[in-house]
Amino acid sequence: MGMFVRTSAAIVVAWLTLFEGFLGLAKGSDFNYKEALTKSLIFLEAQRSGKLPANNRLPWRGDSGLQDGKEENVDLVGGYYDAGDNVKYGLPMAFTVTTLAWSAIFYESELKAAGELDNVRDAIKWGTDYFLKAYPKKNLLYVQVGDPVQDHMCWVRPENMETPRTVLKIDDKNPGTEIAAETSAAMASSSIAFRGVNRTYARRLLNKAKLLFDFANSRKGTFDGECPFYCSFSGYNDELLWAATWLYKATRKPRYLNYIQEETMSASVAEFSWDLKYAAAEIILSQFYFEGEKSLEAFKNNADSFICSNLPDSPYHQIYITPGGMIHLRDGANTQYVTGTAHLFSVYSDILARFNQKIVCGDKQFDPDHLMAFAKQQMDYLLGKNPEGRSYMVGFGNNPPTQAHHRGASIPKLPEGSTVSCAMSFVYWFNRREANPNELTGAFVGGPDRNDNFDDHRWDSSKTEPCTYVNSLSIGVLSKLAMQPLA
């Protein structure tokens with residue numbers, strides 16, 4: 001992961017004509033959103049660590065990290081690598097799972113119609129199975145496996161890595177409120193996603209989520225062990241609100257609503273990312289407001305403020321939009337802000353439509369269709385409707401990236417037992433001016449700069465490195481777009 005990455009009611013089409021041959025051609029577009037959805041999920045499979053299942057869809061990936069946790073005498077095999085390296089970071093991994101679960105809950109019917117609901121649940125469970133291992137007892141959570149400094153000095157596939165698998169943890173003496181609360185949110189949201197298919201598993205996740213929330217809230221403190229790669233610049237109050245929101249949604253118990261009303265803070269923000277979750281929590285809480293919980297009005301107002309800050313035609317617009325129309329907050333995984341904003345606009349448009357509401361920004365009003373049009377425009381930009389005329393998803397559309405900044409994709413499978421010289425690994429594979437030998441199917445790369453310029457070079461990590469949370473945030477909106485009616 002690059003050092004400067006930080007914060008940060010669809011109509012289902014059941015039948016299409018035989019001439020189209022597939023679901024996903026949305027009205028007025030050339031993009032096959034169903035294909036993009038499927039491939040977006042395949043990328044998450046490329047990020048799996050541990051013993052891969054028999055139905056692994058990427059033949060160039062193999063088992064890895066099978067000794068993870070050994071130095072602490074704990075089983076930490078599994079989980080996800082966050083990006084193009086071989087480290088397992090707890091905070092972005094938990095955020096990836098939370099946002100996947102959110103899509104599985106909110107867009108369940110769309111994902112089912114697209115034939116991807118089981119794959120989404122599998123992706124969630126790959127993360128939650130790991131979290132259950134990483135939280136073996138009360139007030140102890142393992143939050144990282146791997147030494148990022150040593151890892152970044154060696155360009156090697158995870159299957160062949162020999163760099164230290166250092167384990168970091170938080171506990172009573174070394175708290176980490178952000179990570180504990182985000183992992184609580186991941187388990188609480190996932191418990192809802194699994195409630196209808198595996199109640200025992202869902203109950204287990206919810207019980208762990210409650211305990212982790214209590215740990216996060218009672219032992220407040222920021223964990224800096226993942227810096228400089230995943231420093232929480234926003235603090236932990238947004239994660240506490242985020243976790244409490246998901247626990248209230250999962251339990252509807254007054255305890256969590258009272259906590260939200262009395263102990264958390266609401267904030268008017270213009271961005272949403274792995275580090276800054278206020279807007280997402282506020283949009284979820286807005287639904288409860290529309291359902292009658294009027295004490296949540298401040299959260300609803302701040303959800304509206306997020307929309308007004310991002311819409312280009314809002315009088316309160318403050319987020320930079322590139323000449324070609326893409327949200328751009330900062331270089332380095334900027335596409336997370338694109339998919340994240342698209343996800344929030346899509347979800348909020350559906351909530352507003354359900355309650356016949358509009359957003360008021362000064363002297364302008366915006367209806368749900370306007371919000372969804374902006375979400376679609378952001379996704380269309382990534383899929384190819386941009387000044388470069390190219391896709392920013394590997395293996396999809398016109399002229400997609402071929403040199404993703406990703407160890408596993410850029411190195412061919414090596415003979416069993418091969419050893420790799422870290423010093424020479426950059427000569428052999430990192431610096432090669434050729435396409436990756438393995439297609440990192442479905443990965444959204446970091447994307448173009450603020451002037452819509454893009455260079456497909458492996459060494460330009462700000463533009464070509466993918467991240468799990470960029471893709472997890474795309475799942476819901478892609479499923480909705482895939483199921484829109486044809487003209």
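It should be emphasised that the depicted structure is a prediction, and the values quoted were computed from it without experimental measurement.

(A) Structural detail: the overall build of the protein. Secondary structure summary: the protein contains 18 helices and 5 strands in total. Dimensions of the protein, computed from C-alpha atoms along their principal axes, come out at roughly 65 × 55 × 40 Å. Taken over 487 residues, the protein has a buried fraction of 63%. Just so you have it, the protein exposes about 17,900 Å², and 50% of that area is on carbon and sulfur atoms. Each charge class in the protein was averaged separately, 50 positive and 56 negative side chains, and the resulting centres sit 5 Å apart.

(B) Representation of the packing of helix α7 (residues 199–218) against helix α9 (residues 254–262). Running from N to C, α7 and α9 point in directions that differ by 30 degrees, and their axes come no closer than 13 Å. In terms of orientation, α7 lies roughly parallel with respect to α9. Helix-helix and strand crossings are classified by hand; for α7 and α9 the assignment is left-handed. In contact with K210, F213, D214 and N217 of α7, α9 contributes R255, Y256 and Y259. Grouping the amino acids of the contact of α7 with α9 by side-chain chemistry returns 3 nonpolar, 1 polar and 3 charged.

(C) Quick look at the sheet that holds strand β3 (residues 167–171). Read across the open sheet, the 3 strands follow the order β1-β2-β3; overall the sheet is antiparallel. Bordering the open sheet on either side are β1 (88–89) and β3, each of which pairs with just one other strand. In the sheet, β1 pairs with strand β2 (residues 140–145) via 2 bridges, with the strands oriented antiparallel. When the sheet's bridge partners are listed, Y89 is paired in β2 with Q144.

(D) Quick look at the state of the cysteines. Inspection of every chain in the model, using the stated rule, returns 2 disulfides. Through a disulfide, C308 is tied to C361; the S-S separation comes to 2.0 Å. Taking the sign of the torsion about the S-S bond as the criterion, the disulfide between C308 and C361, at about -85 degrees, is left-handed. Residue C308 is found in helix α11 (residues 297–310), and its partner C361 is found in strand β4 (residues 359–361); the two are separated by 53 residues along the sequence. The same class applies to C308 and to C361, which are both buried. Lacking any disulfide linkage, C467 is separated from the closest cysteine sulfur, that of C231, by 15 Å. Classification of C467 by relative accessible area gives buried; the value is 0%.

(E) View of the nonpolar core. Judged by nonpolar contacts, the single largest core of 153 residues is most densely connected at W102, I124, W246, Y348, I359, L371 and L440. Residue contributions to this core peak at 11 residues, all from helix α2 (residues 90–106). Not counting the four nearest positions on each side in its chain, L440 is found in contact with F43, A46, Q47, W60, V394, A404, H406, A409 and P466. Counting residues in each nonpolar core, the second largest holds 9 residues, with Y81, W155, M161 and W429 among its members.

(F) Up close: the packing of α11 against helix α12 (residues 335–354). At a minimum axis separation of 11 Å, α11 and α12 run at an interaxial angle of 125 degrees. One way to sum up the angle between α11 and α12 is to call them oblique. For α11 against α12, the interelement crossing comes out left-handed. On the side of α11, the interface is formed by K300, A303, D304, F306, I307 and N310, while α12 contributes T341, L344, F345 and Y348. Classifying every residue of the contact of α11 with α12 gives 6 nonpolar, 2 polar and 2 charged.

(G) Representation of helix α1 (residues 33–46). Compared with an ideal rise of 1.5 Å per residue, which puts 14 residues at 20 Å, α1 spans 20 Å between its outermost C-alpha atoms and is within 8% of the ideal. With respect to burial, α1 is a largely interior element, 13 of its 14 residues being buried. Among the residues of α1, the N-terminal cap falls to N32, whose side-chain oxygen and the backbone nitrogen of K34 are separated by 3.2 Å.

(H) The packing of aromatic side chains, seen in detail. A complete count under the given rule lists 26 aromatic pairs for this structure. Pairing W102 with W246 gives two aromatic rings, centres 6.0 Å apart and planes at 80 degrees, and the pair type is edge-to-face. Linking W102 in helix α2 with W246 in helix α8 (residues 237–251), this pair joins segments that are 144 residues apart in sequence. For W102, a relative accessible area of 2% puts it in the buried group. Here the basic side chain of R48 rests over the ring of W126, its NZ or CZ set 4.6 Å away from the ring centre. One cation-aromatic arrangement involves K125 over Y201; the distance from NZ or CZ to the ring centre is 4.8 Å.

(I) Structural detail: the layout of surface pockets. Of the pockets and cavities examined, the largest pocket occupies roughly 410 Å³. Forming the boundary of the largest pocket are 23 residues, of which D63, S64, P158, E159 and N160 lie nearest the centre. Taken together, the residues of the lining of the largest pocket break down into 6 nonpolar, 8 polar and 9 charged.

(J) Spatial organisation of the environment of G127. Within the secondary structure, G127 is located in helix α4 (residues 117–134). For the pair G127 and T98, spaced 29 residues apart in sequence, the C-alpha separation works out to 9.6 Å. Contact partners of G127, with chain neighbours within four places excluded, come to Y80 and V97.

(K) Representation of unusual backbone geometry. In this structure, N139 is a non-glycine residue whose phi angle is positive, near 60 degrees. Residue class for N139 comes out buried when judged on its relative accessible area of 11%.

(L) Examining the pattern of salt bridges more closely. Going through the model one piece at a time under the given rule, you end up with 25 salt bridges. Among the ionic pairs, E116 bridges to K34, the shortest N-O distance being 3.5 Å. With E116 in the loop between α3 (108–113) and α4 and K34 in helix α1, this residue pair connects regions lying 82 residues apart in the sequence. There is no split in this pair, since E116 and K34 are both buried. The residue E35 makes a salt bridge to K39 at a minimum N-O spacing of 2.7 Å. With E35 and K39 both in helix α1 and 4 residues apart, the pair spans about one turn of that helix. Take E35: its relative accessible area is 28%, and that puts it in the partly exposed class.

Calculation criteria
Residues numbered from 1 in each chain as written. Predicted model: local features only at pLDDT ≥ 70, side-chain atom pairs only at ≥ 80, totals over all residues. Heavy atoms only, no water. Helix = DSSP H or I, 4+ residues; strand = E, 2+ residues; numbered from the N terminus. Buried < 20%, exposed > 50% of the residue type's maximum accessible area, 1.4 Å probe, protein only. Areas by Shrake-Rupley, 256 points an atom, 1.4 Å probe, with all protein chains shown as cover. Lys, Arg positive; Asp, Glu negative; His and termini not counted. Charge placed at Lys NZ, Arg CZ, Asp CG, Glu CD. Axes fitted to C-alpha atoms, helices over the stretch in contact; angles between N-to-C directions. Parallel < 35°, antiparallel > 145°, perpendicular 65-115°, else oblique. Left-handed = near helix turned anticlockwise from the far one by under 90°. Contact = heavy atoms within 4.5 Å. Nonpolar A, V, L, I, M, F, W, Y, C, P; charged D, E, K, R; others polar. Pairing = 2+ DSSP bridges. Disulfide = S-S within 2.5 Å. Core = buried A, V, L, I, M, F, W, Y, C linked by side-chain atoms within 4.5 Å. Expected span 1.5 Å × (residues − 1). Polar contact = N/O pair within 3.5 Å; in protein donor to acceptor, adjacent residues only side chain to side chain. Phe/Tyr/Trp six-rings, centres within 6.5 Å; stacked < 30°, edge-to-face > 60°. Lys NZ or Arg CZ within 6 Å of the ring centre and 35° of its normal. 1 Å grid on protein atoms, 1.4 Å probe; cavity = no way out; pocket = protein on both sides within 12 Å on 5 of 7 lines; lining within 4 Å. Points joined across faces, edges and corners; volume = space filled by probe spheres on them. Salt bridge = Lys/Arg side-chain N within 4 Å of Asp/Glu carboxyl O.

These figures capture arrangement, not role.
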